[in-house]
Amino acid sequence: MIKVVTVCGAGVGSSMMMRLFAQQILDDEKIEATVDASDIGSVDPNSYDVLITTSDFADTLRETSAKIIRIDNMMDKAYLKEQLLQTING
């Protein structure tokens, strides 16, 4: 099972939206995964396989073993899907 986390400043706005989108994509693709949402201050990036966040926060989280997906247009579900599948499938 793949562990994914979406990260934003407060853990309630954009990260919740990205969590919903990511879970829909993974469910549609029949990929077993858990998707959490978190704020930048309390996330433990090493507890996850994949982090989804904006470029601002990606730089802060770069010291991790998790793969980081940078999303700057949160409404672009096609880009999120492409990046997520590419990251998971290697």
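Whatever comes next refers back to the structure up there.
Our subject in this report is the structure included herewith.

So, how was this worked out
- Residues numbered from 1 in each chain as written.
- Predicted model: local features only at pLDDT ≥ 70, side-chain atom pairs only at ≥ 80, totals over all residues.
- Heavy atoms only, no water.
- Salt bridge = Lys/Arg side-chain N within 4 Å of Asp/Glu carboxyl O.
- Helix = DSSP H or I, 4+ residues; strand = E, 2+ residues; numbered from the N terminus.
- Buried < 20%, exposed > 50% of the residue type's maximum accessible area, 1.4 Å probe, protein only.
- Polar contact = N/O pair within 3.5 Å; in protein donor to acceptor, adjacent residues only side chain to side chain.
- Contact = heavy atoms within 4.5 Å.
- Pairing = 2+ DSSP bridges.
- Axes fitted to C-alpha atoms, helices over the stretch in contact; angles between N-to-C directions.
- Expected span 1.5 Å × (residues − 1).

This part is about the pattern of salt bridges. Two side chains of opposite charge can pair, provided their charged atoms sit close to one another. Across all of its chains, the model carries 2 salt bridges by this definition. One salt bridge connects glutamate 29 with lysine 81, and the closest N-O pair in it is separated by 3.3 Å. Of this pair, glutamate 29 sits in the loop between α1 (14–28) and β2 (33–39) while lysine 81 sits in helix α3 (residues 77–89), placing them 52 residues apart in sequence. Across the pair aspartate 59 and arginine 70 runs a salt bridge, and its minimum N-O distance is 3.1 Å. With aspartate 59 in helix α2 (residues 55–60) and arginine 70 in strand β4 (residues 67–70), the pair connects residues that are 11 residues apart, well separated along the chain. Residue class for aspartate 59 comes out partly exposed when judged on its relative accessible area of 38%.

Mapped onto the elements of the fold, glutamate 63 is located in the loop between α2 and β4. For glutamate 63, a relative accessible area of 69% puts it in the exposed group. As a C-alpha pair, glutamate 63 and leucine 51 span 12 residues in sequence and 12 Å in three-dimensional space.

Here the focus is the side chain of threonine 6. Examined against the element boundaries, threonine 6 turns out to sit in strand β1 (residues 2–8). Taking the relative accessible area as the measure of exposure, threonine 6 reaches 0% and is therefore buried. A distance of 2.6 Å separates a polar atom in the side chain of threonine 6 from the backbone oxygen of serine 15. What threonine 6 contacts, discounting residues up to four positions off in sequence, is Ser15, Met18, Arg19, Val35, Asp36, Ala37, Ser38 and Ile52.

So, about unusual backbone geometry. The phi angle of most residues is negative, glycine excepted, and most peptide bonds adopt the trans form. Look at lysine 30: it is not a glycine, yet its phi comes out positive at around 60°. Within the fold, lysine 30 resides in the loop between α1 and β2.

What follows deals with the sheet that holds β2. Spatially, 4 strands are ordered β2-β1-β3-β4 in an open sheet, and the strand pairing comes out parallel. Each edge of the sheet is formed by a strand with only one pairing partner; in this case those strands are β2 and β4. Ignoring strand direction, the axes of neighbouring strands in this sheet form an average angle of 20°. Of the strands in this sheet, β1, β3 (50–53) and β4 are in contact with α3, which crosses β4 at around 165°.

Spacing of three or four residues puts side chains on the same side of an α-helix, whose turn is 3.6 residues. For α3, which comprises 13 residues, the first-to-last C-alpha distance of 18 Å matches the rise-based estimate of 18 Å (1.5 Å per residue) to within 8%. Residues of α3 that are buried in the fold lie against α1, β3 and β4. Positive phi shows up at glycine 90, right after α3, with a value of about 75°.

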